[in-house]
Amino acid sequence: MSRTSLIGIPVGRLIRTVAIAGLVLLILLYFWTSPLTNCPPQRPQFKQLSDGHHEDNSIAEEKVEKPVLLLWVWPENYRFDLSDCKTIYNIDGCHLTDDRALYSSSDAVLVFHKAIRWYWYTLPPSPRPSFQKWIWLNLESPTNTRKIYGIENLFNLTLSYREDADIPVRLRLTSNKTPNKDFKIPKKDKLVCWIVSNNAASTGVGKRNTYYNELKKHVNIHMFGNAYAKRLADEDYYPTIASCKFYLSFENSIHKDYITEKFNGPLSAGTVPVVLGPPRKNYERFAPRDSFIHVDDFPDAKSLAEYLTQLDRDEDAYRRYFNWRRHFSARPHLILQNQEFVLAICTACDHVAKHKEYQEAHDIYEWFFN
Ligand SMILES: *[C@@H]1O[C@H](CO)[C@@H](O)[C@H](O)[C@H]1NC(C)=O
């Protein structure tokens, strides 16, 4: 029997009992409020509630909920108005946002490859909500893509210029409903032009420079762009291309499907692209065979130069390069600066609006670099 007791229970034991009960309560409270024990994360449902004044309104309007697409970082820090997707591409199927506070309710998150510095460092937090898909956004070719190890199996969808990406991105020709007979070739005052903005050796521009150096021995080439001290204002870009009969659509590196705005630009401006890139067959997936000239069509740069000079004198033969215009239309990018990112982000928006299925992208490097 202890010295002090309260209604027959020793005080020591009473204190112990209360302390243990309190502890148990605290632990229960912790698990009850902890997000870990909450039911598996569900996409929060935001219902548009009609306000009380319209109780007699029998047509209960329930807004169709758009999936949320979160842009984790702005590619190359270039910001644009998120409503551009609707105004430029008529894409309006998702709620596009850059507000990270919406992370836990985002259906998909766009992660710009170049902005991932180190595993986890600049990535969205884990674990991700179970319904959420991460999209790997990379528009560069393998030559200009740095491998960041540890992210190969992190994504659900790939976004790239590659046709076999989950979300392939490019401006495409559209077929005309009725043949268009009104196309006029823009006025030309130059034969061959080339706009080069970045000629850093690191970007693998070897082949195109070698070819250019050989070609310019045989035909005069008008050079524009940062690399040649003749900067072009954005609004002069397409008009400059349009004023040349031929435009050198030389890609900075050669990879399957890596056919960029360097090709689409002259097609849409009304100029004949002279292409250096993947094989002709690859180009023909995206444009009619008689809409462009491929450097591989000629044994060397000299014979290409001779052919271009010959077309300069043969109006009818030159005109035939625009026959495809009757059946197809090409359009330029409306925003010039980082246009490809606007198109990419809007295309992703369109994709998440249409595809709700579960998906994993395995070993993206095995796919991308091979
Ligand atoms: C997304 O991919 C990850 C990694 O493969 C996977 O764990 C997750 O279940 C996938 N989620 C969805 C919604 O597809």
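Residues numbered from 1 in each chain as written. Predicted model: local features only at pLDDT ≥ 70, side-chain atom pairs only at ≥ 80, totals over all residues. Heavy atoms only, no water.

Q: Describe the overall build of the protein chain, listing the residues and the values that go with them.
A: Check the secondary structure of the protein chain and you find 10 helices and 15 strands. For the protein chain, the residues scored as buried account for 45% of the 370 residues in total. Taking the contacts inside the protein chain whose residues are at least 6 apart along the sequence as the reference set, 74% of them involve residues at least 24 apart. Carbon together with sulfur atoms contributes 55% to the accessible area of the protein chain, which is approximately 21300 Å² in total. (Helix = DSSP H or I, 4+ residues; strand = E, 2+ residues; numbered from the N terminus. Buried < 20%, exposed > 50% of the residue type's maximum accessible area, 1.4 Å probe, protein only. Contact = heavy atoms within 4.5 Å. Areas by Shrake-Rupley, 256 points an atom, 1.4 Å probe, with all protein chains shown as cover.)

Q: Kindly report on unusual backbone geometry, identifying the contributing residues and their values.
A: Of note, the amide linkage connecting Ser 126 to Pro 127 takes the cis form, showing an omega dihedral of -5°. Relative to the elements of secondary structure, Pro 127 occurs in the loop between β5 (108-112) and β6 (133-137). Its identity is not glycine, yet Glu 76 carries a phi of approximately 55°, on the positive side. Structurally, the position occupied by Glu 76 is in the loop between β3 (68-71) and α2 (84-89).

Q: Summarise the packing of aromatic side chains; cite the residues concerned and give the values.
A: The geometry of two aromatic rings is summed up by the distance between their centres and the angle between their planes. One pass over the structure, following the stated rule, counts 22 aromatic pairs. Judged by centre distance (5.0 Å) and plane angle (80°), the rings of Tyr 237 and Tyr 238 are edge-to-face. The same class applies to Tyr 237 and to Tyr 238, which are both buried. Members of the aromatic cluster, connected to one another through ring pairs, are Trp 136, Tyr 149, Tyr 365, Trp 367, Phe 368 and Phe 369. Over the ring of Phe 369 we find Lys 147, and its NZ or CZ is 4.7 Å from the ring centre. One Lys or Arg, Arg 170, reaches over the ring of Phe 286 and ends 3.8 Å from the middle of that ring. (Phe/Tyr/Trp six-rings, centres within 6.5 Å; stacked < 30°, edge-to-face > 60°. Lys NZ or Arg CZ within 6 Å of the ring centre and 35° of its normal.)

Q: An account of the site of the ligand is needed here, citing residue identities and associated values.
A: Around the ligand, the structure places Arg 128, Ser 130, Phe 131, Gln 132, Lys 133, Asn 153, Phe 155, Asn 156, Tyr 358, Gln 359 and Glu 360. Within the contact set of the ligand, an oxygen atom lies 2.3 Å away from a side-chain nitrogen or oxygen of Asn 156. In this structure, an oxygen atom belonging to the ligand sits 2.7 Å away from a side-chain N or O atom of Tyr 358. Taking 370 Å² as the accessible area of the ligand by itself, protein coverage stands at 77%. Considered class by class, the residues forming the shell around the ligand number three nonpolar, five polar and three charged. (Near = heavy atom within 4 Å. Polar contact = N/O pair within 3.5 Å; in protein donor to acceptor, adjacent residues only side chain to side chain. Nonpolar A, V, L, I, M, F, W, Y, C, P; charged D, E, K, R; others polar.)

Q: I'd like to hear about the nonpolar core, residue by residue, with values.
A: The biggest cluster of nonpolar side chains holds 38 residues, and the ones touching the most others in it are Phe 246 and Ile 293. Going through the elements one at a time, β10 (190-195), α3 (206-215), β11 (221-224), α4 (237-242), β12 (244-250), β13 (272-276), α7 (301-313) and α8 (315-319) are the ones with two or more residues in this core. If sequence neighbours within four positions are ignored, Ile 293 has contacts with Phe 246, Val 272, Pro 273, Val 274, Val 275, Arg 280, Phe 298, Leu 304, Tyr 307, Leu 308, Leu 311 and Tyr 321. Counting residues in hydrophobic clusters, the runner-up holds 32 residues, among them Phe 112, Leu 171, Val 342 and Val 352. (Core = buried A, V, L, I, M, F, W, Y, C linked by side-chain atoms within 4.5 Å.)

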